[in-house]
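# What the coordinates show
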Protein chains: 2
Amino acid sequence: MKAIASFILPVLMLVARAAEPLPSWNDTETRKSIIAFVEKTATEGSSDFVPVPERIAVFDNDGTLWSEQPMYFQLAFVIDRVKALAPDHPEWKEKEPFASLLKGDAKGVAASGQKGLMELLAVTHTGMTIGEFETIVTAWLATAKHPKSGRPYTEMVFQPMVELLGYLREKGYKTFIVSGGGIEFMRPWTEKVYGIPPEQVVGSSGKLKYEMKDGKPVLTKLPEIDLIDDKEGKPVGIQSHIGRRPIFAAGNSDGDFQMLEWTTSGKGPRFGLIVHHTDAEREYAYDRDSHFGKLDKAMDEAPKRGWVLVDMKKDWATIYPEK
Amino acid sequence: MKAIASFILPVLMLVARAAEPLPSWNDTETRKSIIAFVEKTATEGSSDFVPVPERIAVFDNDGTLWSEQPMYFQLAFVIDRVKALAPDHPEWKEKEPFASLLKGDAKGVAASGQKGLMELLAVTHTGMTIGEFETIVTAWLATAKHPKSGRPYTEMVFQPMVELLGYLREKGYKTFIVSGGGIEFMRPWTEKVYGIPPEQVVGSSGKLKYEMKDGKPVLTKLPEIDLIDDKEGKPVGIQSHIGRRPIFAAGNSDGDFQMLEWTTSGKGPRFGLIVHHTDAEREYAYDRDSHFGKLDKAMDEAPKRGWVLVDMKKDWATIYPEK
Ligand SMILES: [Ca+2]
Ligand SMILES: [Ca+2]
């Protein structure tokens with residue numbers, strides 16, 4: 001009997017383990033608090049029960065669902081794209097911010113400021129149809145590699161967060177991305193990678209124009225800002241696209257402050273989560289002084305607002321999906 | 001046996017009838033073509049099968065899902081709202097377009113043109129939080145009555161179209177409203193009335209501002225246009241909110257032309273539907289010369305584009321839901 005028990009027990013535990021939510025999370029207070037929240041809001045009869053249509057969860061993307069170092073991945077796309085277009089634009093050799101970018105002079109690019117950034121975005125993100133842009137993004141993602149890991153960018157997503165998205169959906173939540181990144185830069189791949197369809201992606205966007213091209217209707221991307229979906233823009237993007245206040249929000253930087261504030265200051269059960277990048281070995285360690293994903297005020301205010309900080313190093317058993 | 005058959009057969013027929021889709025539609029070619037399209041796109045193995053995530057259906061609201069005569073219901077809201085606010089604005093007695101509106105002088109209001117309309121929208125739709133606006137709309141709908149039928153406006157919806165929405169959802173379609181009407185004017189009631197949640201409502205919208213009010217975050221409605229979701233604006237609103245081209249579109253006026261064109265010019269199976277108001281007795285009869293919901297070019301082009309015209313009088317057994 002003892003022999004059988006010693007064989008059966010581990011098997012039973014394995015089975016139980018596989019059925020447990022969030023397997024790539026260590027069994028810390030963070031994991032426990034997430035599960036407690038999701039269970040109480042999804043259990044009929046619970047005093048914190050929330051009807052299915054109100055179970056709205058919003059997630060920042062850069063630094064929350066995938067890495068954002070050594071630079072936002074969309075910025076790597078911009079750089080690669082300018083290089084790819086450069087042969088058709090000999091004038092860029094003399095013209096900022098293109099000249100600096102082509103020389104790999106980050107300081108020179110930075111010196112061109114907001115205006116320079118807008119010019120880079122204009123030539124790489126506008127003047128084509130949404131279909132053409134989707135093709136360009138998809139082709140880039142198929143070949144581009146992250147400089148540190150050598151993996152495709154879509155494999156630089158956080159396995160624990162992908163599990164969290166799935167767990168929430170299993171419990172009747174509708175999951176949305178609410179990102180400062182470009183809406184059309186994300187839509188071509190979020191369904192496959194996160195299980196989030198294009199209609200549940202909110203992001204920064206430019207104006208569009210409906211017009212005829214070679215006898216066919218197209219939507220052309222214009223070089224005019226529509227929404228900057230960051231900071232105060234996040235609650236605005238949420239209202240515009242979702243029309244209802246979320247009850248769960250996850251972010252990683254001060255750009256998510258207002259989204260967390262808007263989400264958690266509503267009535268009833270609310271959850272605010274901040275991914276704190278503490279793992280220099282497996283990912284990156286940064287917060288207050290980072291160029292990308294600066295986390296300062298939101299970290300200071302987290303305790304008094306009841307926002308839960310994920311300590312990546314301690315809370316996550318795995319960072320990226322298995323190859 | 002004969003006696004039993006004469007009892008059993010009608011019962012069986014009743015059961016079959018109840019299970020059939022679109023019971024408030026007469027069994028005309030229109031109904032048959034809708035069902036044929038939905039079945040072929042939702043049946044695995046069919047050469048026209050469409051995967052669930054791509055089964056996107058978009059519906060205009062005014063004149064397509066509910067009536068729009070003798071005037072857009074949102075305009076009735078504006079008029080009632082100006083009257084309700086007038087005691088606090090004695091200056092409106094001398095100021096256009098308010099003076100004409102308060103005197104019931106439609107021509108005088110019309111004379112103030114686009115500028116006058118914007119002023120009316122500004123005082124009735126902006127300067128409050130989205131929560132306050134929702135309360136105002138909900139209170140108005142609870143008491144306002146349609147001038148002809150005497151029914152609440154939310155009972156002036158088309159029963160056959162409500163059934164079509166439900167039938168599409170049953171077959172794996174995601175249903176969206178894409179209306180020229182105000183997005184926040186529709187969201188408070190579309191879930192209850194149409195089964196369409198706020199995040200699937202696209203409409204004309206104004207800019208929003210995230211700010212603190214009495215120590216709490218609010219979203220304030222600003223008197224600045226964000227999107228006019230009509231004509232060329234409809235495909236733009238679709239891309240912005242849905243990010244994917246629909247395969248089914250329903251409208252009733254030239255304001256839906258571009259939405260129908262955008263939807264039906266994609267590859268694969270597509271369906272364009274136009275509600276033609278032909279029933280002066282049970283609803284209204286109007287098309288080319290109507291002030292609200294003018295249907296002219298879209299009707300002329302329907303045959304060659306394969307858009308199906310619903311002849312309300314012939315195709316619908318019922319117009320409104322039972323009381
Ligand atoms: Ca971020
Ligand atoms: Ca209409």
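Under an unreviewed UniProt entry, the name given to chain A is Haloacid dehalogenase-like hydrolase, and the source organism is Luteolibacter luteus.

Let's shift gears to the interface of chain B and chain A. Taken residue by residue, the interface counts 34 residues in chain B and 33 residues in chain A. Taking both sides of the interface into account, the surface hidden between chain B and chain A amounts to around 2,800 Å²; carbon and sulfur atoms contribute 53%. Considering only the surface of chain B that becomes buried against chain A, B:Glu199, B:Tyr210 and B:Gln239 emerge as the three largest contributors, covering 24% of it. Taken together, the connections running from chain B to chain A amount to six salt bridges. Linking A:Arg244 and B:Glu191 is a salt bridge whose minimum nitrogen-to-oxygen distance equals 3.1 Å. Applying the counting criterion to the chain B and chain A interface returns 20 residue pairs in polar contact (both at pLDDT 80 or more). For the side of chain B that touches chain A, the class distribution of residues is 17 nonpolar, seven polar and ten charged.

Here the focus is the coordination of the calcium ion (ligand 1). Residue and element names in this part refer to chain A. Ligation of the calcium ion (ligand 1) by protein atoms is provided by Asp60 (OD), Asp62 (O) and Asn252 (OD1), these donors lying 2.2 to 2.3 Å from the ion. We note that the donor set of the calcium ion (ligand 1) lies within a single chain, spaced as D-x1-D-x189-N. With Asp60 in the loop between strand S1 (56-59) and helix H3 (73-85) and Asn252 in the loop between strand S5 (248-251) and helix H11 (257-264), this residue pair connects regions lying 192 residues apart in the sequence. Residue Asp60 shares its accessibility class with Asn252, and that shared class is buried.

Attention now moves to the pattern of salt bridges. Within the structure shown, the criterion is met by 48 salt bridges over all chains. Where A:Arg151 meets A:Glu155, a salt bridge forms, and the shortest distance between an N and an O atom there is 3.1 Å. A relative accessible area of 8% places A:Arg151 in the buried class. Several salt bridges converge on common partners, so that one network encompasses A:Lys174, A:Arg244, B:Glu191 and B:Glu199.

All right, on to the relation of the copies chain B and chain A then. Superposition of chain B onto chain A requires a rotation of 180° combined with a translation of 0.0 Å along the rotation axis, giving an RMSD of 0.0 Å. The superposition operator between the copies reduces to a two-fold rotation axis. Distance from the rotation axis, computed per C-alpha, reaches its smallest value in chain B at B:His241: 3.1 Å. Of the interface residues in chain B, 97% have counterparts in chain A that sit at the interface too, so the contact is made through matching surfaces.

Core analysis: the largest hydrophobic core is formed by 52 residues, its most contacted members being A:Phe59, A:Met161, A:Leu164, A:Tyr194, A:Phe248 and A:Trp316. Residue assignment places this core across two domains, with domain 1 (23-70 + 155-323) and domain 2 (72-147) of chain A each supplying three or more. Among residues more than four places away in sequence, those in contact with A:Trp316 are A:Ser24, A:Trp25, A:Asn26, A:Phe158, A:Pro160, A:Met161, A:Val275, A:Arg282, A:Val310 and A:Asp311. In this structure, B:Trp140, B:Ala144, B:Met186 and B:Val275 belong to the second largest nonpolar core, which totals 51 residues.

It is worth spelling out helix H7 (residues 130-143) of chain A at this point. Residue and element names in this part refer to chain A. Compared with the 20 Å implied by 1.5 Å per residue over 14 residues, the 20 Å span of H7 between its first and last C-alpha is a close match. For H7, every residue scored as buried is listed here: Ile130, Phe133, Ile136, Val137, Trp140 and Leu141. Each buried residue of H7 lies within a common arc of 125° when the element is viewed along its axis, so the set occupies one face. H7 presents Thr135, Ala142 and Thr143 as exposed residues on the side facing more than 90 degrees away from its buried surface.

Okay, the coordination of the calcium ion (ligand 2) next. All names here are of chain B. Here the calcium ion (ligand 2) is held by the protein donor atoms Asp60 (OD), Asp62 (O) and Asn252 (OD1), which lie 2.2 to 2.3 Å from it. Summarised as a motif, the one-chain spacing of the donors to the calcium ion (ligand 2) is D-x1-D-x189-N. A residue is classified by how much of its surface remains accessible, and Asp60, at 5% relative accessible area, is buried. Relative accessible area serves as the criterion here: at 13%, Asp62 is assigned to the buried category.

Another point: the domain arrangement of chain A. Residues and elements named next belong to chain A. With domains assigned, chain A is organised as domain 1 (23-70 + 155-323) and domain 2 (72-147). Inter-centroid distance (C-alpha atoms) of domain 1 to domain 2 is 26 Å. In this assembly, 25 residues from domain 1 lie in contact with 22 residues from domain 2. Between domain 1 and domain 2 lies a buried interface of about 2,000 Å² when both sides are counted; carbon and sulfur atoms form 73% of it. Secondary-structure elements contributing two or more residues to the side of domain 1 that touches domain 2 are strand S2 (174-182), helix H9 (183-194), strand S3 (201-213) and strand S4 (216-227). For the side of domain 1 that touches domain 2, a count of residues per class yields 14 nonpolar, six polar and five charged.

Our next topic: the environment of A:Asn26. Residues and elements named next belong to chain A. With respect to the element layout, Asn26 can be found in the loop between helix H1 (2-19) and helix H2 (29-42). Sequence separation between Asn26 and Ala317 is 291 residues, and the spatial gap between their C-alpha atoms is 5.4 Å. Each residue touching Asn26, except ones within four places of it in the same chain, is listed here: Arg31, Lys314, Asp315, Trp316 and Ala317. Here Lys314 takes part through its backbone oxygen, which lies 2.8 Å from a polar atom of the side chain of Asn26.

Bringing helix H6 (residues 113-125) of chain A into the picture now. Residue and element names in this part refer to chain A. Its 13 residues place the ends of H6 18 Å apart at the C-alpha level, agreeing with the 18 Å of an ideal helix rising 1.5 Å per residue. Along H6, the residues that are buried comprise Gly116, Leu120, Thr124 and His125. All buried residues of H6 fall inside an arc of 140° around its axis, so they share one side. Facing away from the buried surface of H6 by more than 90 degrees, the exposed residues are Gln114 and Lys115. Its buried side turned inward, H6 meets H3, helix H4 (98-103), helix H5 (106-111), H7 and S4. Gly127 sits one or two positions beyond H6 and adopts a positive phi of about 85°.

About the criteria used
- Residues take numbers from 1 onward in each chain, read along the sequence in its written order.
- Written order determines the labels here, with chains lettered from A and ligands numbered from 1.
- It should be noted that, the model being predicted, local features are given only for residues of pLDDT at least 70 and side-chain atom pairs only at 80 or more, the latter also being counted only at that level, while totals for whole chains, interfaces and linings use all residues.
- Side-chain measures here rest on the full set of heavy atoms in the structure, leaving out hydrogens and waters.
- Here a residue-residue contact requires only that any non-hydrogen atoms of the pair lie within 4.5 Å.
- What gets called buried area is simply the loss in accessible area from a 1.4 Å probe that two parts show on being joined, summed for both.
- Salt-bridge detection follows one rule: a side-chain nitrogen of Lys or Arg within 4 Å of a carboxyl oxygen of Asp or Glu.
- Contacts described as polar in this section are N or O atom pairs within 3.5 Å, which, within protein, must combine one atom able to donate a hydrogen with one able to accept it, while residues neighboring in sequence count only if both atoms come from side chains.
- Three classes are used: nonpolar for Ala, Val, Leu, Ile, Met, Phe, Trp, Tyr, Cys and Pro, charged for Asp, Glu, Lys and Arg, and polar for all others, with Gly counted as polar.
- With water excluded from the atoms, a metal site may look incomplete; its donors are any N, O or S atoms within 2.8 Å, or within 3.2 Å for Na, K and Ca.
- Elements are defined by DSSP. Helices are runs of H or I of four residues or more, strands are runs of E of two residues or more, and each kind is numbered from the N terminus.
- Each residue gets one of three labels from its accessible area relative to the maximum for its type: buried under 20%, exposed over 50%, partly exposed in between, using a 1.4 Å probe on protein chains only.
- Overlaid copies result from least-squares superposition on C-alpha atoms, with residues included only where pLDDT is at least 70 in both.
- Buried Ala, Val, Leu, Ile, Met, Phe, Trp, Tyr and Cys residues form a nonpolar core when they are joined through side-chain atoms within 4.5 Å.
- As annotated, the domain borders come from an automatic or database domain assignment.
- A helix's residues, less one, multiplied by 1.5 Å, set its expected span.
- The arc in question is formed by the directions pointing from the helix axis toward the C-beta atoms.

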